[in-house]
Amino acid sequence: MTELHGALIGCGFFAVNQMHAWHDIAGASIVAICDRDPERLAIVGDQFGITRRYADAAALFAGEDLDFVDIATTAPSHRPLVEMAAQHRVPAICQKPLAPSLADAKAMVKACADAGVPLMVHENFRWQSPIQAVRAVLDSGDIGTPFFGRISFRSGYDVFSGQPYLATGKRFIIEDLGIHILDIARFLLGDVSTITARTARINPDIAGEDVATMLMDHKGGATSVVDCSYATRLATEPFPETLIELDGSDGTIRLGHGYRLTVTGRNGTVVSDVSPPLLSWASRPWHNIQESVVTIQRHWVDCLANGTEPATSGVDNLKTFALVEAAYDSAASRETVQLDALLK
Ligand code: NAD
Ligand code: 89V
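Values in this document were obtained by computation on a predicted structure and should not be read as measured data.

Trainee: Before we go on, may I ask you to explain the pairing of strand 14 (residues 268-273) in this structure?
Mentor: Put simply, side chains in a regular strand alternate between the two faces of the sheet. Strand direction decides the pairing type here: strand 13 (residues 260-265) and strand 14, joined by six bridges, are antiparallel. Counted as the bridge partner of Gly-265 is Gly-268 from strand 14. Between strand 13 and strand 14, which pair antiparallel and follow one another directly, the connecting turn spans two residues.

Here it is as structure tokens:
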């Protein structure tokens, strides 16, 4: 296999995981990095031995011959950077949330489609091994046709110390975390026709909402509840576990605390431990997320090699992003929002 040469733009908090993952993946390597903050550029460049360093993305695209670019900046810069990649005909991975608004996200997807370059959103939560284990049970048919789901992420973890910008935006939990949980709901139960949402801000020291409860109709007939909170103090802190309940015509799936998977199906009840592996460079409790970074980046390399569409392509992710926008609309209006109208 020829090795793909990529560049990383944005050397911040989360990008370090992406660099570790690239180091672990055969078939791709990061040959250049870019950050407008010289300190971050030096820290990540020195840690991973990358000597080709750029303070400006335009200079990176001009100076390098790239097979792909991995954009790990925060949302306000995503559109200009993805459009720059499209102009230079360079396939792009972009971190979630794809953009600050659905209109920007649609423009980015169009720019890549018009240029004929692949675009994958780094929507990694569905790639976590416990979530993949739930999907595998559904695919086995053991619980029949799912008619109800609850996908839940409730925590009191201090996310603001690592990511201080999360405390400052008018939008918080749905845009940052809920986007992952809504994507898992789509991954397990299919696309959505309507959403009704309620939000609350419990922590007085942040600008956005830290609690969201969403009720969705899936086109296949299932109903789901997606509930997220960073204001929930529990005896055992579950961050960053997503808990899942699925009821089907022939049985049930429960993904509980401690990555405990209970399946009650045609063959009785089976309990298993679906804990993610602790990679050599990972640390608890983030190891679940860190493992999924390797898996999604490996998927990207496979897709580029085989010419296939990434599971979380820009086109696919517009349907998750539309759920974010629709949830905010619904919480503001207290009305149910139809998804198809937003996706036109
Ligand atoms: P961060 O602020 O720590 O890092 C962003 C970096 O990008 C900074 O070093 C900044 O200087 C640089 N940057 C910003 N604009 C730039 C530009 N135009 N050109 C060059 N460099 C630029 O942010 P973070 O916490 O690492 O988050 C980055 C992204 O990753 C966000 O979109 C966030 O939502 C996402 N994220 C995803 C996960 C996940 O599991 N998928 C987890 C955490 C964060
Ligand atoms: O995945 C994320 O986007 C992170 C966190 C898990 C902390 O919400 O910001």
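There's more to say after this.
Trainee: What exactly am I supposed to notice about the environment of Ser-275 here?
Mentor: In this structure, Ser-275 sits in the loop between strand 14 and helix 8 (287-306). Separated by 15 residues in sequence, Ser-275 and Arg-260 have C-alpha atoms that sit 7.6 Å apart. Sequence-distant contacts of Ser-275, that is, excluding residues within four places in its chain, are made with Gly-258 and Tyr-259.

Trainee: For this particular structure, what's the right way to read the side chain of Gln-290?
Mentor: Take Gln-290: it is sitting in helix 8. Contact partners of Gln-290, with chain neighbours within four places excluded, come to Asn-17, Leu-279, Trp-281, Ala-282 and Ser-283.

Trainee: How should the nonpolar core be read in this particular structure?
Mentor: Soluble globular proteins: nonpolar side chains tend toward being buried together. Leu-188, Ile-195 and Met-214 are the most contacted members of the largest nonpolar core, which has 118 residues in total. A per-element tally of this core places helix 7 (residues 173-189) first, with 11 residues. Those residues within four positions of Ile-195 in sequence are excluded, and the remaining contacts are Leu-182, Met-214, Leu-215, Met-216, Leu-323, Ala-326, Ala-327, Ser-330, Glu-335, Thr-336, Val-337 and Leu-339.

Trainee: It is not clear to me how the environment of Arg-260 should be interpreted in this structure. Could you clarify?
Mentor: For Arg-260, the position within the fold is in strand 13. A residue is classified by how much of its surface remains accessible, and Arg-260, at 48% relative accessible area, is partly exposed. Expressed as a C-alpha distance, the spacing of Arg-260 and Pro-130, which sit 130 residues apart in the sequence, is 8.8 Å.

Trainee: What's the story with the pattern of salt bridges in this structure? I'm lost.
Mentor: Between side chains of opposite charge, a pair can form as their charged atoms come close. Applying the stated criterion across every chain, the model contains 20 salt bridges. The residue Asp-247 makes a salt bridge to Arg-254 at a minimum N-O spacing of 2.9 Å. Asp-247 sits in the buried class, given a relative accessible area of 18%. A residue is classified by how much of its surface remains accessible, and Arg-254, at 30% relative accessible area, is partly exposed. Here the salt bridges share partners, and the residues they tie into one network are Arg-126, Asp-183, Arg-186, Asp-191, Asp-316 and Lys-319.

Trainee: So what exactly am I meant to see when it comes to the packing of helix 1 (residues 15-24) against helix 8 here?
Mentor: The geometry of a pair of packed helices is captured by two quantities: the angle between their axes and the separation between those axes. At a minimum axis separation of 9 Å, helix 1 and helix 8 run at an interaxial angle of 55°. By the angle between their directions, the pair helix 1 and helix 8 is classed as oblique. Our pair here, helix 1 against helix 8, has a crossing hand that is right-handed. Across from Asn-17, Gln-18, Ala-21, Trp-22 and Asp-24 in helix 1, the residues of helix 8 making contact are Gln-290, Val-293, Val-294, Gln-297, Arg-298, Trp-300 and Val-301. Among the residues forming the contact of helix 1 with helix 8, the class breakdown is six nonpolar, four polar and two charged.

Quick notes on the rules
- Residues numbered from 1 in each chain as written.
- Chains lettered and ligands numbered in written order.
- Predicted model: local features only at pLDDT ≥ 70, side-chain atom pairs only at ≥ 80, totals over all residues.
- Heavy atoms only, no water.
- Pairing = 2+ DSSP bridges.
- Helix = DSSP H or I, 4+ residues; strand = E, 2+ residues; numbered from the N terminus.
- Contact = heavy atoms within 4.5 Å.
- Core = buried A, V, L, I, M, F, W, Y, C linked by side-chain atoms within 4.5 Å.
- Buried < 20%, exposed > 50% of the residue type's maximum accessible area, 1.4 Å probe, protein only.
- Salt bridge = Lys/Arg side-chain N within 4 Å of Asp/Glu carboxyl O.
- Axes fitted to C-alpha atoms, helices over the stretch in contact; angles between N-to-C directions.
- Parallel < 35°, antiparallel > 145°, perpendicular 65-115°, else oblique.
- Left-handed = near helix turned anticlockwise from the far one by under 90°.
- Nonpolar A, V, L, I, M, F, W, Y, C, P; charged D, E, K, R; others polar.

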